[in-house]
Amino acid sequence: MDLPPDKIQALRRVVDEHLREGGVYDEIRGLLSEYKAQEGDILHSDGLLGVIEEKGIIQRILDSISGQQLKHKKSSVATGASFLSLTGFSRADGKRQSERRHLRVQLVGGRAFLEHLDIDPSIRSAANEKLFACVQFGGQRFKSRGVDCVCDPPFDDEFFVDLDKEIDEGRRRKQAAGAGGTITKGLWQQRYAMPTPRNFTGGSSSKDRALLDVSTQLHIVLIRVDETLQKRRYVGENVVEWRNVLKTGAVNLSVEIGGSGQGLKVPIGVLELKLELMPSAAPAFIPEDEIRGQLSRERNNEAATDREFLVYASRWWAEYHAVDPSFSCRNIKVFANLATHSAAMVPTPAFISPITADRVLESPMEAARFVALLTHDKDDDRDVSANGVSSLSASLQHGAEAWPSLFAFLSKGKGEQPEHANLLCCLLLGHGLDAWVALGVDSKGNNASAVLTRMPKQGSGSGENMYDVRYWDVLTGATFDCNYGSPSVGLQSWHGIHHVHCVYSFESFAGNIQPDACVTTTSHDFADSSLWMSMNPIKLTLIAKLTPPCILPPTFSKGEMSGFEVDLEHALKISIGHHREQLGLVTIWDDGNLNHVMSQALWNYEYQKLTATQLESRTFQTAVRSVLHTGQNCTAFPVNFSHTSPLRIVNYFLTNKHTKDIVALYGDELTHTLRVRIVPYAEDCVSVWVMLAAVYTS
């Protein structure tokens, strides 16, 4: 709709006042004078706009507008904003600081995503699905805006990667390790053509050439999101070698996105990128032969260390089997294939690095709760096959189990038990615990993964009973404390791992050679060579670590959830009332005292999940009786979800036996009550408690 002239004039006055107050006009005049002094009196609008953009003026204006929009957005949440907006991801915005060197990553489109070729537009609109690009560079993460799922997705977004930050992190890692930095493995090749950037000057300095030593790669994961059902689906991924940009300052890339099916060798689609160093006048050209030499040396070193570790792992595996031939049936995994179409074989300790989620996950119990909220699911095209490296040729032919990187796991928000265990182990290491991933079998003999932590007993020396050991169920957050030689008290009710066959952690791997591998009777002294066969820690340092992701804080705080809770309650009441109407039943909702009392129970349920503490229920029962009249009875049932989709919640209510009976209940003086509590966690994971109750007269 076109605005009338008076409205346009008013809008122009507002913009003019905003630019004057921010001193933008004065800054542009100064840049114009500098530009004329360098380029002469002939003005080129494209060149001038490029200078203004590189100085960060446009970004600063957009940031000020975004800040006002964010304030408006948060205020709208407090007054009851739509809960459906909670389907997004946390996003680390790529804002650029003009005094630091950045890599500008532009998504300029996609093509040949044939999976979306035959999707009818009306069906696509009804599904409400969007395609997102998630990007990682070392400890920096970004997410694009969602675009339609079409054959040529119209990506149009940009991020600013802080290169100086990665240089600083690399120096810190070298100082901590006392050795060279880690080289991130590349998965695919990129086709590229390098245009000449505007206003790029030559020169050379050791500071500029330090960029050549930054071996961190851009990791791009594409996911497809159904914003109605709040379900994510993995599309594909790739890693990008960015250092070709050091030749001219800008490079265009056509990045092939590969899927995770090991039988699928063709790319899912092609993502078009443009990389550019910012600011353009700061970096120096680096000759192409020098760039190629650096990349070649890194690839050769990586291949040599991979071969050396593979030979050592094969010898270790043969020695482990020689201890007892029956150990061939144990769940030992020295290698796992990356869950990508390249299926690169990676040692399992490479997945583990300490992750410090400072001010995001405040305790080990909160970290366990967060990991448990990530959906336990798998993608349909993911292959799972043999254990360990019992057959080396089979491992080289994708015989090892396929695991995604932790960044891909967080991007799609779902995965199987091993990746849950890897993530929780990294987080517990970041909290200073002695954490290990434990592989073995459960009570039914199925392969199982868990995390164990050890704490030395006070006054104990070396020996079998020197640690207090706790096992963490990575799918529920529950814990089980066990000590060496203790009876299996409580083990029957423990649904996690029952027999531990091997453990691994940051630069550590050990296989259990004890005849009895039960968690309550096996010793957890991994340094005892008569009980555990450990790998040489020097050999394990050869492993190139997969880059651990940073953990993003929730978009909204706990105090800002009330608006979402009210909206979700309203949507659920409408759906349940409509269903009862189809059954010929009248629905009366009571939002009185009982509704408030139910919130106490929901708080208790989340507290129990978070702390593994069983709270007494008499207080809640007494409170319920106090709000009921004589002759009234109450039936209620709580359910916990990890999403806020009304459609999925109502579908569960109509299929679960307990809630289905409450929904279909009828009688005189019958009223229903519904209460929702939403607790936010990292990565915009949510714990959603919904309690449905009915009050009736006996």
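Since we're looking at a predicted model, the values are computed, not measured.

**A look at the overall build of the protein chain**
- Helix and strand counts for the protein chain come out as 18 helices and 25 strands.
- Within the protein chain, buried positions represent 50% of all 698 residues.
- Considering only contacts in the protein chain between residues 6 or more positions apart, those separated by 24 or more positions represent 72%.
- Accessible area of the protein chain: about 32,500 Å², with a carbon and sulfur share of 52%.

**Considerations on the pairing of strand β2 (residues 129–137)**
- Burial of β2 is extensive: eight of the nine residues sit out of reach of the surface.
- The sheet contact formed by β2 and strand β7 (residues 218–226) spans eight bridges and is antiparallel. Note that in β7 the partner of leucine 131 across the bridge is arginine 224.
- In this structure, β2 lies alongside strand β4 (residues 147–148), joined through two bridges in antiparallel fashion.

**Some details on the packing of helix α15 (residues 593–611) against helix α16 (residues 618–627)**
- Where α15 meets α16, the closest approach of the two axes is 10 Å, and the angle between their N-to-C directions is 175°. With respect to α16, the axis of α15 lies roughly antiparallel. Where α15 approaches α16, its residues Asn593, Leu594, Val597, Met598, Gln600 and Ala601 are matched on the opposing element by Phe620, Ala623, Val624 and Val627.
- Residue composition of the contact of α15 with α16, grouped by class: eight nonpolar, two polar and no charged.

**A closer look at unusual backbone geometry**
- In the segment running from methionine 278 into proline 279, the intervening peptide bond is cis, with an omega of -10°.
- Tracing the sequence through the fold places proline 279 in the loop between β10 (269–278) and α8 (288–323).
- Here arginine 359, not a glycine, exhibits a phi torsion of approximately 65°, which is positive.
- With respect to the helices and strands, arginine 359 occurs in the loop between β12 (345–347) and α9 (364–373).
- In this structure, alanine 612 takes a positive phi of about 55° despite not being glycine.
- Here alanine 612 lies in the loop between α15 and α16.

**Comments concerning the sheet that holds strand β21 (residues 508–512)**
- A sheet is described by the order of its strands in space; here seven strands give the open sequence β19-β18-β17-β16-β20-β21-β22, paired in antiparallel fashion. The open sheet has two free edges, formed respectively by β19 (479–482) and β22 (532–534), since each of these has just one partner strand. Neighbour-to-neighbour, the strand axes of the sheet open up by a mean angle of 30°, direction not taken into account.
- Along the sheet, α8 contacts β20 (499–505), β21 and β22; its crossing angle with β22, the most-contacted strand, is approximately 165°.
- Along the sheet, helix α12 (residues 417–430) makes contact with β16 (434–441), β17 (447–456), β18 (467–472) and β20, crossing β17 at roughly 15°.

**Things to note about the nonpolar core**
- Judged by nonpolar contacts, the single largest core of 61 residues is most densely connected at Trp316, Phe370, Leu423, Leu427 and Ile551.
- Of all elements in the fold, only α8, β11 (335–338), β12, α9, α11 (406–412), α12, β16 and β20 reach the threshold of two or more residues within this core.
- The dominant element in this core, judged by the number of residues it contributes, is α12, at eight residues.
- If sequence neighbours within four positions are ignored, isoleucine 551 has contacts with Arg141, Ile355, Ala357, Val360, Leu361, Leu410, Leu423, Leu427, Ala682 and Glu683.

**What about the state of the cysteines?**
- Counted according to the given criterion, the structure contains zero disulfides.
- Lacking any disulfide linkage, cysteine 426 is separated from the closest cysteine sulfur, that of cysteine 425, by 5.9 Å.
- Owing to a relative accessible area of 0%, cysteine 426 belongs among the buried residues under this scheme.

**A look at the sheet that holds strand β24 (residues 671–680)**
- Strand order in the open sheet formed by three strands is β23-β25-β24, with antiparallel pairing between adjacent strands. The open sheet is flanked by β23 (632–641) and β24, the only strands paired with a single partner. Adjacent strand axes in the sheet meet at a mean angle of 15° when their direction is disregarded.
- Contacts from helix α17 (residues 646–653) reach β23, β24 and β25 (686–697), with the element oriented near 130° to β23.

**Details of α9**
- Counting buried residues along α9, nine of its 10 residues qualify, which places the element largely inside the surrounding structure.
- For α9, the complete set of buried residues consists of Met365, Glu366, Ala367, Ala368, Arg369, Phe370, Val371, Ala372 and Leu373.

Analysis parameters
Residues numbered from 1 in each chain as written. Predicted model: local features only at pLDDT ≥ 70, side-chain atom pairs only at ≥ 80, totals over all residues. Heavy atoms only, no water. Helix = DSSP H or I, 4+ residues; strand = E, 2+ residues; numbered from the N terminus. Buried < 20%, exposed > 50% of the residue type's maximum accessible area, 1.4 Å probe, protein only. Contact = heavy atoms within 4.5 Å. Areas by Shrake-Rupley, 256 points an atom, 1.4 Å probe, with all protein chains shown as cover. Pairing = 2+ DSSP bridges. Axes fitted to C-alpha atoms, helices over the stretch in contact; angles between N-to-C directions. Parallel < 35°, antiparallel > 145°, perpendicular 65-115°, else oblique. Nonpolar A, V, L, I, M, F, W, Y, C, P; charged D, E, K, R; others polar. Core = buried A, V, L, I, M, F, W, Y, C linked by side-chain atoms within 4.5 Å. Disulfide = S-S within 2.5 Å.

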